[in-house]
Amino acid sequence: MEKHKILVTRPQLPPLNEFIPLLEDIWDSRWLTNNGKYHQEFEKQLAVFLGVPYVSLFSNGTLALMAALQCLKIKGEVITTPFSFVATTHSLWWNGIKPVFVDIEADYCNLDAKLIEAAITPETTAILPVHVYGNPCDVDEIQNLADRYGLRVIYDAAHAFGVKYKGSSVLNYGDLSILSFHATKVFNTIEGGAIICHDLKTKKRIDYLKNFGIADETTVVAPGINAKMNELQAAYGILQLKYFDSAIDGRQHITEKYRDGLKDIDGVRYLENPVDVDYNYSYFPVFIDESEFGRSRDDVYEELKKHNIYGRRYFYPLISEFSTYRGLPSAKGLDIAYEISRQVICLPLYPDLPDEVVDTVVSVLKGMARVESREIPVKILSQIKRKIE
């Protein structure tokens, strides 16, 4: 424990002996990038695996977000959440789009669909929600609003690989969905990402945009960027698909062990699986209510570090609190998001996390709660003693 920090996540790696033959094949071909055979095969396999029409692979999820906005020619204002990783809003800023923040709902920390309509203006062109921790947004209500006002919907689904809602991939909702395959994600290609779309025409446009806008040897059809996934990552991704289901089983085991250990601690809340959702157990956030628990989230964060266990305050601070965005009118009045950001800590979660680590985390939290509960009677006794004297 002293030598090896327990971090909030640990990348899932495929067996090296299975990856080496794929590397040897790439070495022999010397085709390292530019839509090689592994890139093409990975796109096909991903579409089937995820149950979606079309996949376009990217070198990372942030570039996928930026290209998605370009693909749909989004301008003006876009309604989004302050409770996400900064890449969500940065992708808007890089496209010259004004982010408009709307508060989240407390149950699953997603953009509150009930508040979206009040934020729509004549300049609004799209909604950019996030499936936070892999929990689906209120996709039906968001689509109803988008249809009513003629808005596009792009989902940041970085956490939602493999998640299904009512038996279908959550990636099938909205105009586009964006995945991240970063090393910290439930499914990784070291770095990487993808855009999920619904028709071949849109996929072709996305493919042009991620390859400088090049249509053929002498034709450039758009001012694209270089955001292609290379052959090594694609081959690695193909191999990763074989082990995804077993990884989810391991994550589910750890999640259920946390839930069982923490269920009776006052002031500690965790998320249950949403209704009608096949979940991917991507994160295990807990929310520390200082008034009930007796100690703050940051107290818990620091106490766990004493045991070499490093949680993550994910997401804290809010995007709307960073210098680039805090001057926006919509950066104020985000009361639920602000409170949640001060309560949340994601606990370590990965398939091969030892049970003993979960036991230690639970023991630390129970110990902190017990210490606080013991301190209260002492204070009361001292007050009584003073009154008697």
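Each remark here, short or long, concerns the structure printed above.
The paragraphs below set out a description of the structure included in this document.

### Some words on the sheet that holds strand β6 (residues 164-165)
No. 1: Spatial strand order, β7-β6-β13: 3 strands in an open sheet with antiparallel pairing. Pairing within the sheet leaves two strands with one partner each, and these edge strands are β7 (168-169) and β13 (277-278).
No. 2: When β6 meets β13, the two strands line up antiparallel, connected through 2 bridges. Its bridge partner being in β13, K164 is matched across the sheet by D278.

### Points about a nonpolar patch on the surface
No. 1: Together, F212, I214 and V220 line one region of the surface with nonpolar side chains, adding up to about 260 Å² of accessible area.
No. 2: By the secondary structure assignment, I214 is in strand β10 (residues 214-216).
No. 3: You can call I214 partly exposed: its relative accessible area is 34%.

### Let's talk about the packing of helix α3 (residues 61-71) against helix α7 (residues 200-209)
No. 1: In the contact formed by α3 and α7, the axes pass within 10 Å of each other and the chain directions differ by 125°. Our classification of the angle between α3 and α7 gives oblique. The handedness of the crossing between α3 and α7 is right-handed. On α7, the residues touching A67, Q70 and C71 of α3 are T202, R205, I206 and L209.
No. 2: Here the contact of α3 with α7 is composed, by residue class, of 4 nonpolar, 2 polar and 1 charged.

### Points about the side chain of S330
No. 1: Among the structural elements, S330 can be located in the loop between α11 (297-306) and α12 (335-343).
No. 2: Assessed through its relative accessible area of 15%, S330 is described here as buried.
No. 3: Among residues more than four places away in sequence, those in contact with S330 are P99, V100 and F101.

### Comments concerning unusual backbone geometry
No. 1: The step from Y314 to F315 runs through a cis peptide bond, and the omega angle for that step is 25°.
No. 2: For F315, the position within the fold is in the loop between α11 and α12.
No. 3: Cis geometry marks the peptide bond from Y316 to P317; its omega dihedral reads -10°.
No. 4: In this structure, P317 sits in the loop between α11 and α12.
No. 5: Unlike most non-glycine residues, N34 shows phi in positive territory, near 65°.

### A look at the packing of aromatic side chains
No. 1: Taken as a whole, this structure holds 22 aromatic pairs when the rule is applied.
No. 2: Here a set of aromatic residues connected by ring pairs shows up, and it is made of F42, F49, F161, F181, F187 and F244.
No. 3: The ring of F287 carries the charged tip of R269 above its face, separated from the ring centre by 4.3 Å.
No. 4: Over the ring of Y301 we find R313; its NZ or CZ atom is 3.9 Å from the centre of that ring.

Reading guide: rules and limits
- Residues numbered from 1 in each chain as written.
- Predicted model: local features only at pLDDT ≥ 70, side-chain atom pairs only at ≥ 80, totals over all residues.
- Heavy atoms only, no water.
- Pairing = 2+ DSSP bridges.
- Helix = DSSP H or I, 4+ residues; strand = E, 2+ residues; numbered from the N terminus.
- Patch = residues over 30% accessible without salt bridge, like charges linked within 9 Å, V, L, I, M, F, W, Y side chains within 5 Å.
- Areas by Shrake-Rupley, 256 points an atom, 1.4 Å probe, with all protein chains shown as cover.
- Salt bridge = Lys/Arg side-chain N within 4 Å of Asp/Glu carboxyl O.
- Buried < 20%, exposed > 50% of the residue type's maximum accessible area, 1.4 Å probe, protein only.
- Axes fitted to C-alpha atoms, helices over the stretch in contact; angles between N-to-C directions.
- Parallel < 35°, antiparallel > 145°, perpendicular 65-115°, else oblique.
- Left-handed = near helix turned anticlockwise from the far one by under 90°.
- Contact = heavy atoms within 4.5 Å.
- Nonpolar A, V, L, I, M, F, W, Y, C, P; charged D, E, K, R; others polar.
- Phe/Tyr/Trp six-rings, centres within 6.5 Å; stacked < 30°, edge-to-face > 60°.
- Lys NZ or Arg CZ within 6 Å of the ring centre and 35° of its normal.

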